[in-house]
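Remarks on the overall topology
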Amino acid sequence: MNCKVLLLVLLLVGCSDLVSDDTLTDGPYVQMQVNQWEALWVCQGQRKSYRFPPPVQDMSIEKCGQAAQLSPLPASRPDVTYPAAEKLAVISDIHGQFDLFKRLLVAHQIMDAQGNWLFGEGGLVISGDVFDRGPKQTEALWLIYQLQQQAQAAGGKVHFLLGNHETMVLNGDLRYLHEKYEKVANLLNRPFARLYGEDTLLGQWLRTRNVLVKIGDMLFLHGGLHPELAREGRTLADINQVFTGQLVEDQDQPRQGFARYLHKTNGPIWYRGYFKDPQASQQDIDLLKQHFGVAHILVGHTTQKHIRALYNGDVIAIDSGIKGGESGEILLVEGQNFYRGLLGGGRVAL
């Protein structure tokens, strides 16, 4: 390559980086104080803020096309067990790919194109990993937060479960964070983890999410449950309480005992034993089903080409590779029938 041409290419690459900073848009990040809330945005590379009294009813805020529906009610921890739902939609590992996530929800009439809940008394389960890798995790989080409020009002339910990437971000492990959010943190002059601190609306909400949920005879979580948990007689409530009770590790008092176990390789957000060696046997799966009183265990975390059933349908893998930003599926459950929901709106029996 000619030296002058090479110089021109390098200059263009540098200019491209500068332009991307000038057009960077993200937010809001809502911080809560007793007498005043503050929302922070990045709009075309500039820091913007809006201060307002704590809301007494639901309210919307927006700058530069980045909107959020706020609830004045403090987040509380949901139940771990629910009766069977007439219909369910299940998805996981969105990883900042908001556009694909939205496309799937609209295609299967979970919501309309404006983000309004259409699923009536049905349930939507998001089995973790909205954070990291992709460039639109903020939009995805606010959409889930909004749908949760709307579903509740319609008699439905949105269950957002913690994955390993939510847990990593809340603990300051940002190794998979999209570079966009490093720039956002710098522009807002705050460490990224602080944007989801205990004093923020989404940070408080994330800290009150569960790591698993049982709906009817189906158990949902991000990674999976090791058979040893059944052999030890652990309950779902105990696993959830211990995991979430030490979600954010105290550096002065590191996790010990069962809490440490749950946050390591064989814990509910990291376990891959349904897919990789040392692999659980059919007898192990039968033990888990019997002990926890379920017919199916539905997990994300381990990426597949599409949603698929394993162990004679006892385990359903729902991480369909959305994180790649090119394709993905949503699982649809109607009674005892399971379908792969495709991007175009079609469905295939599982």
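Look up a bit, the structure's there.
Bear in mind the structure is a predicted one, so any value in this text is a computation, not a measurement.

Rules used throughout
- Residues numbered from 1 in each chain as written.
- Predicted model: local features only at pLDDT ≥ 70, side-chain atom pairs only at ≥ 80, totals over all residues.
- Heavy atoms only, no water.
- Pairing = 2+ DSSP bridges.
- Helix = DSSP H or I, 4+ residues; strand = E, 2+ residues; numbered from the N terminus.
- Axes fitted to C-alpha atoms, helices over the stretch in contact; angles between N-to-C directions.
- Contact = heavy atoms within 4.5 Å.
- Buried < 20%, exposed > 50% of the residue type's maximum accessible area, 1.4 Å probe, protein only.
- Core = buried A, V, L, I, M, F, W, Y, C linked by side-chain atoms within 4.5 Å.
- Arc of directions from axis to C-beta.
- Lys, Arg positive; Asp, Glu negative; His and termini not counted.
- Salt bridge = Lys/Arg side-chain N within 4 Å of Asp/Glu carboxyl O.
- Phe/Tyr/Trp six-rings, centres within 6.5 Å; stacked < 30°, edge-to-face > 60°.
- Lys NZ or Arg CZ within 6 Å of the ring centre and 35° of its normal.
- Parallel < 35°, antiparallel > 145°, perpendicular 65-115°, else oblique.
- Left-handed = near helix turned anticlockwise from the far one by under 90°.
- Nonpolar A, V, L, I, M, F, W, Y, C, P; charged D, E, K, R; others polar.

Here we look at the sheet that holds strand β16 (residues 337-341)
Spatially, six strands are ordered β9-β8-β7-β15-β16-β17 in an open sheet, and the strand pairing comes out mixed. Taken across any chain shown, the strands that pair with only one partner, and hence form the sheet edges, are β9 (157-160) and β17 (347-349). Ignoring strand direction, the axes of neighbouring strands in this sheet form an average angle of 20 degrees. Pairing of strand β8 (residues 123-126) with β9, which is carried by four bridges, proceeds in the parallel orientation. When the sheet's bridge partners are listed, Leu124 is paired in β9 with Val158. Relative to the sheet, helix α3 (residues 137-154) contacts β8 and β9, its axis offset from that of β9 by approximately 145 degrees.

Description of the environment of Phe192
Residue position: Phe192 is located in the loop between α5 (179-188) and α6 (201-207). Among the residues examined, Phe192 registers a relative accessible area of 4% and is labelled buried. Residues Phe192 and Gln251 lie 59 residues apart in sequence; the distance between their C-alpha atoms is 18 Å. Ignoring any residue separated from it by four or fewer positions in sequence, one finds Phe192 in contact with Tyr29, Gln137, Val169, Leu174, Leu177, Tyr181 and Ala185.

Looking at the side chain of Ser127
Turning to its location among the elements, Ser127 is positioned in the loop between β8 and α3. In contact with Ser127, other than residues within four places in its own chain, are Val90, Ile91, Ser92, Leu161, Phe220, Leu221, His222 and Ile318.

Focus: the sheet that holds strand β10 (residues 212-215)
Strands in a sheet are paired, the pairing made by backbone hydrogen bonds, and the direction either parallel or antiparallel. Spatially, six strands are ordered β6-β10-β11-β12-β14-β13 in an open sheet, and the strand pairing comes out mixed. At either end of the open sheet lies a strand with only one pairing partner, and these are β6 (81-82) and β13 (308-310). Two strands pair when backbone bridges link them, and β13 and strand β14 (residues 315-317) are joined in this way by three bridges, in the antiparallel orientation. Paired with Leu310 across the two strands is Val315, which belongs to β14.

Remarks on helix α2 (residues 98-107)
Along α2, the positions that sit buried rather than exposed are Phe98, Leu100, Phe101, Leu104 and Leu105. Contacts from the buried residues of α2 go to β7 (87-91), β8, α3, β15 (330-334) and β16. The positive-phi residue at the C-terminal boundary of α2 is Gln109, with phi of around 55 degrees.

Thoughts on the nonpolar core
In this structure, Leu124, Tyr196, Leu225 and Tyr274 are the most contacted members of the largest nonpolar core, which totals 89 residues. With eight residues, α3 is the largest single contributor of residues to this core. Apart from residues no more than four positions distant in its own chain, Leu124 is found in contact with Ala89, Leu105, Ile110, Trp117, Leu147, Lys157, Val158, His159 and Ile330. Core analysis: the next-biggest nonpolar cluster, separate from the first, contains 16 residues, Leu161, Val213, Met218 and Phe338 among them.

Overview of helix α10 (residues 282-292)
Of all the positions in α10, only Asp284, Ile285, Leu288, Lys289 and Phe292 are classed as buried. Down the axis of α10, the buried set is contained in an arc of 135 degrees. They therefore lie on one face. Counted as exposed and oriented over 90 degrees from the buried face of α10: Gln283 and Gln290. Buried residues belonging to α10 abut β10, α7 (227-231), α8 (236-245), β12 (296-299) and β14. Looking one or two residues beyond α10, the residue adopting positive phi is Gly293, at roughly 65 degrees.

Thoughts on the side chain of Arg190
Relative to the assigned elements, Arg190 resides in the loop between α5 and α6. Buried within the structure, Arg190 lacks any salt-bridge partner; Glu38 is the closest side chain of opposite charge, at an N-O distance of 4.2 Å. Beyond its immediate sequence surroundings of up to four residues, Arg190 is in contact with Gln31, Glu38, Leu40, Arg47, Ala185 and Leu195.

Some remarks on the packing of aromatic side chains
Counting across every chain of the model gives 13 aromatic pairs. With 4.9 Å between their ring centres and 25 degrees between their planes, Tyr50 and Phe52 make a pair best called stacked. Taking relative accessible area as the criterion, Tyr50 reaches 34% and is therefore assigned partly exposed. Ring centres 5.9 Å apart and planes at 85 degrees place the aromatic pair Trp117 and Phe119 in the edge-to-face group. Taken together through their ring pairs, the aromatic side chains of Tyr29, Phe131, Tyr181, Phe192 and Tyr196 make up a single cluster. We note Arg347 situated over the ring of Tyr339; from NZ or CZ to the ring centre the distance is 4.6 Å.

Some remarks on the packing of α2 against α3
Pairs of packed helices are described in terms of their axes, by the angle between the two and the distance that separates them. In contact at an axis separation of 9 Å, α2 and α3 are set at 30 degrees when each is read in the N-to-C sense. Taken as axis vectors, α2 and α3 run roughly parallel relative to one another. Remark: the crossing between α2 and α3 carries left-handed chirality. Contacts between α2 and α3 pair Phe98, Phe101 and Leu105 from the former with Glu139, Ala140, Leu143, Ile144 and Leu147 from the latter. Of the residues assigned to the contact of α2 with α3, the class counts are seven nonpolar, no polar and one charged.

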